[in-house]
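A structural walkthrough
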There are 2 protein chains.
Amino acid sequence: MTAPWITYRPELKVLDCTIRDGGLVNDHAFEDGFVKAVYQACVEAGIDYMEVGYKASQKLFARNRFGAWKYCDEDDVRRILDDNPTQLKLAAMADAAKSDWHTDILPKKDSVLDMIRVAFYAHQVSEAVDMIKDAADKGYEVSANLMAVSTVTELEVQQVLEVIAQSPANVLVVVDSYGSMYAEQIELLVKQYLEFGKQTGKIVGMHAHNNQQLAFANTIEAIIHGANRVDASMAGLGRGAGNCPMELLIGFLRNPKFHIRPIYRVIQDHLLPLSRKVEWGPFAQYNITGQLNEHPREAIAARAGEKRDCYLEFYDKLTIDV
Amino acid sequence: MTAPWITYRPELKVLDCTIRDGGLVNDHAFEDGFVKAVYQACVEAGIDYMEVGYKASQKLFARNRFGAWKYCDEDDVRRILDDNPTQLKLAAMADAAKSDWHTDILPKKDSVLDMIRVAFYAHQVSEAVDMIKDAADKGYEVSANLMAVSTVTELEVQQVLEVIAQSPANVLVVVDSYGSMYAEQIELLVKQYLEFGKQTGKIVGMHAHNNQQLAFANTIEAIIHGANRVDASMAGLGRGAGNCPMELLIGFLRNPKFHIRPIYRVIQDHLLPLSRKVEWGPFAQYNITGQLNEHPREAIAARAGEKRDCYLEFYDKLTIDV
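Only a predicted model underlies this, so the values are computations on that prediction, with no experimental measurement involved.

**As for the relation of the copies chain B and chain A**
- Superposition record for chain B on chain A: RMSD 0.0 Å, screw rotation 180°, translation along axis 0.0 Å. Expressed as an axis order, the relation between the two copies is that of a two-fold axis.

Structure representation (structure tokens):
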């Protein structure tokens, strides 16, 4: 009998998605000081990657409706972190069908970004493969993030993995978009992703949502079963119920390169003030959509309205009045 | 490959500790309407046990400082639920060294209670055995709750289990008092408790705290490894960071005897209003004491003071200024 939870795996790397996933809470309109503070905290905490936002299509998403982190123009990113003279690597996310990736993702030599994370639904896997190849050809590390895997059948997941395993993606991420999955499901998926990924040397990652207060636990579960690239965000900031809280994850990891103090500082100085303006976290409506394995959009709408305290009406709407 | 998470174990039973553990938040001063609403929700939800409070010593805890649920006098309990003409069983907790159990715990024939839960620290195991025998002799089901097991060495846990396994206790509960334990630790302890308990046919239970947002996840983990008696509370009400939320647990369990709707109702109508008067939940200070495997008392004090938003100062106090 040993105690593996007090040692560590050096190859385990952490990605901060505070600005990217958190942007879904405030239309990506973070002030520069906020983004700089998160960047600085990531650097000081020894975090490996910071995802600064989306590469979203300006044709689909009008410039005047969103903040800079919806697009991550090179000038905006460099305004915050210059040429990024640190060990921290930078990532941006491009969604299938929502990104003009041919033109908007620059060759790596012209960009401060290090990684492109390609997010897609199962039926979009073919465009995803094109996006992955494009980003790899341009010189980036690439991650393949199959979203909402909890709604995809086992056969379809297998098909996606077969295709993606042959792509130049470096990382395959298990994404629990609806925060609906339990530990046993995480275990099965991580093992399956590892099995397909090993043929071509791919790393497996985990991106969890906190609808059922399981984001941190499921991230630990993924780590136990071999995931070596895990996402978290400061104070769990992220759409709806939010993500795995970085302060909990770093408190759990035992690699001495990680430091938790800068994380509590940025939470105290920036996330706590933000929480008085916008809302995220595992409120009852998110518990319910998580339990039902549904997209959180109904819960987000309910939390934003006058009936945010009417849990029973919300429960009935999703379960009885259908 | 099967999907065990959509079936159920009929022998798995749930205990509601809203009033008992929640009483530590408000000095046990719940209004009758609140206790009745929780009782009614437990009955309608198909919950198996409700823990109504403590049997605490009136010599140590002056009557004028605490509400009725610190003592659970027979008259107070019956005022709420009469002779309890339902399937729901009733429990009360007695702490070693804090209870006049010889006199205050009545013979079962004179009490509406069904179960006594004996809570003790490792060094109090001898008094605990006397308490367990006394309660069993008086006619109750008995549970043995070794508190703060995360601070006890493996040898000492083994010693406690050897002694308790020979007692007439029906249930041995893994108690993560500080909310500090991770899934692998829960697995080891549940297996160890099961091993000792099987000689004398004892059930193993789980009582989790939510300091690291792991209460629900660790309860699932305990269930996976064979715990058949698990604690939860409405909206997670409980000391400090609170407990495993009942609404999440019942959403996870697939036994059709359980119903979640009455739980969302009592949360909406009673717990949400209470949350505007008293505070519980996994705030940063509780994350920190959980990570450090410490009693939450410093965190409770910090949350109650003017510096409740000074996370960094609190972190430094517990880690650097020592």
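Resuming the write-up.
**Focus: the sheet that holds strand β3 (residues 89-95) of chain A**
All names here are of chain A.
- The strand order β1-β2-β3-β4-β5-β6-β7-β8 describes a closed barrel built from eight strands, whose pairing is parallel. Averaged over neighbouring strand pairs, the angle between their axes works out to 25° when direction is ignored.
- Sheet topology places strand β2 (residues 49-54) next to β3; five bridges connect them, and they run parallel. Considered in β3, the bridge of Glu51 is made with Ala91.
- Set on the sheet, helix α2 (residues 32-45) makes contact with β1 (13-16), β2 and β3; between it and β2 the angle comes to about 155°.

**Describing unusual backbone geometry**
All names here are of chain A.
- Although it is not a glycine, Asp27 sits at a positive phi angle of roughly 55°.
- Mapped onto the secondary structure, Asp27 falls in the loop between α1 (18-22) and α2.
- Residue classification places Asp27 among the partly exposed residues on the basis of a relative accessible area of 41%.
- In this structure, Ala235 takes a positive phi of about 55° despite not being glycine.
- With respect to the helices and strands, the residue Ala235 is situated in the loop between β8 (229-232) and α9 (246-252).
- On the accessibility criterion, Ala235 (22% relative accessible area) is partly exposed.

**Looking at the interface of chain B and chain A**
- At the junction of the two partners, chain B supplies 44 residues and chain A supplies 44 residues.
- Both sides of the chain B and chain A interface together cover about 4,200 Å² of buried area, and 65% of this is carbon and sulfur.
- One can count four salt bridges joining chain B with chain A.
- Elements supplying a minimum of two residues to the side of chain B that touches chain A: α7 (183-198), α8 (215-224), α9 (246-252), α10 (261-275), α11 (284-291) and α13 (311-319) of chain B.
- Per element, the largest residue contribution to the side of chain B that touches chain A is six residues, and it comes from α10(B).
- Of the residues belonging to the side of chain B that touches chain A, the class tally is 24 nonpolar, nine polar and 11 charged.

**Details of the packing of aromatic side chains**
- Scanning the entire structure with this criterion turns up 12 aromatic pairs over all chains.
- Their ring planes at 15° and their centres at 5.0 Å tell us that Phe30(A) and Phe34(A) sit as a pair that is stacked.
- Overall, Phe30(A) belongs to the buried group, its relative accessible area being 8%.
- With relative accessibility at 8%, the residue Phe34(A) sits in the buried group.
- Ring geometry for Phe252(A) and Tyr182(B): centres 4.7 Å apart, planes at 65°, overall edge-to-face. Residue Phe252(A) is found in helix α9, and its partner Tyr182(B) is found in the loop between β6 (171-176) and α7; the two belong to separate chains.
- Judged by relative accessible area, which is 8%, Phe252(A) ranks as buried.
- Here Arg63(A) stacks its cationic end above the ring of Tyr71(A), 4.1 Å away from the centre of that ring.
- Here the basic side chain of Lys70(A) rests over the ring of Phe61(A), its NZ or CZ set 4.1 Å away from the ring centre.

**Considerations on the domain arrangement of chain A**
Residue and element names in this part refer to chain A.
- Here chain A is partitioned into domain 1 (9-275) and domain 2 (284-319).
- For domain 1 and domain 2, the distance between their C-alpha centroids amounts to 26 Å.
- Opposite the 10 residues of domain 1 that make contact, domain 2 presents 10 residues.
- A buried area of about 870 Å², summed over both sides, lies between domain 1 and domain 2, and 54% of it is on carbon and sulfur atoms.
- Of all residues in domain 1, Tyr178, Asn211 and Arg239 bury the most surface against domain 2, accounting for 54% of the area lost on that side.
- Counting across the interface, domain 1 meets domain 2 through zero salt bridges.
- Taken together, the links from domain 1 to domain 2 amount to four residue pairs in polar contact (both at pLDDT 80 or more).

**Quick word on the side chain of Arg117(A)**
Residue and element names in this part refer to chain A.
- Relative to the elements of secondary structure, Arg117 occurs in strand β4 (residues 115-120).
- Arg117 gets classed as buried once you look at its relative accessible area, which sits at 2%.
- A polar contact is formed between the side chain of Arg117 and the side chain of Glu51, at a distance of 2.7 Å.
- Filtering out sequence-adjacent residues up to four positions away, Arg117 remains in contact with Leu15, Arg20, Glu51, Ala91, Ala92, Met93, Ala94, Ser143, Asn145, Val173, His207 and Asp231.

Analysis parameters
Residues numbered from 1 in each chain as written. Chains lettered and ligands numbered in written order. Predicted model: local features only at pLDDT ≥ 70, side-chain atom pairs only at ≥ 80, totals over all residues. Heavy atoms only, no water. Least-squares fit on C-alpha atoms with pLDDT ≥ 70 in both. Pairing = 2+ DSSP bridges. Helix = DSSP H or I, 4+ residues; strand = E, 2+ residues; numbered from the N terminus. Axes fitted to C-alpha atoms, helices over the stretch in contact; angles between N-to-C directions. Contact = heavy atoms within 4.5 Å. Buried < 20%, exposed > 50% of the residue type's maximum accessible area, 1.4 Å probe, protein only. Buried area = accessible area lost by both parts, 1.4 Å probe. Salt bridge = Lys/Arg side-chain N within 4 Å of Asp/Glu carboxyl O. Nonpolar A, V, L, I, M, F, W, Y, C, P; charged D, E, K, R; others polar. Phe/Tyr/Trp six-rings, centres within 6.5 Å; stacked < 30°, edge-to-face > 60°. Lys NZ or Arg CZ within 6 Å of the ring centre and 35° of its normal. Domains from an automatic or database assignment. Polar contact = N/O pair within 3.5 Å; in protein donor to acceptor, adjacent residues only side chain to side chain.

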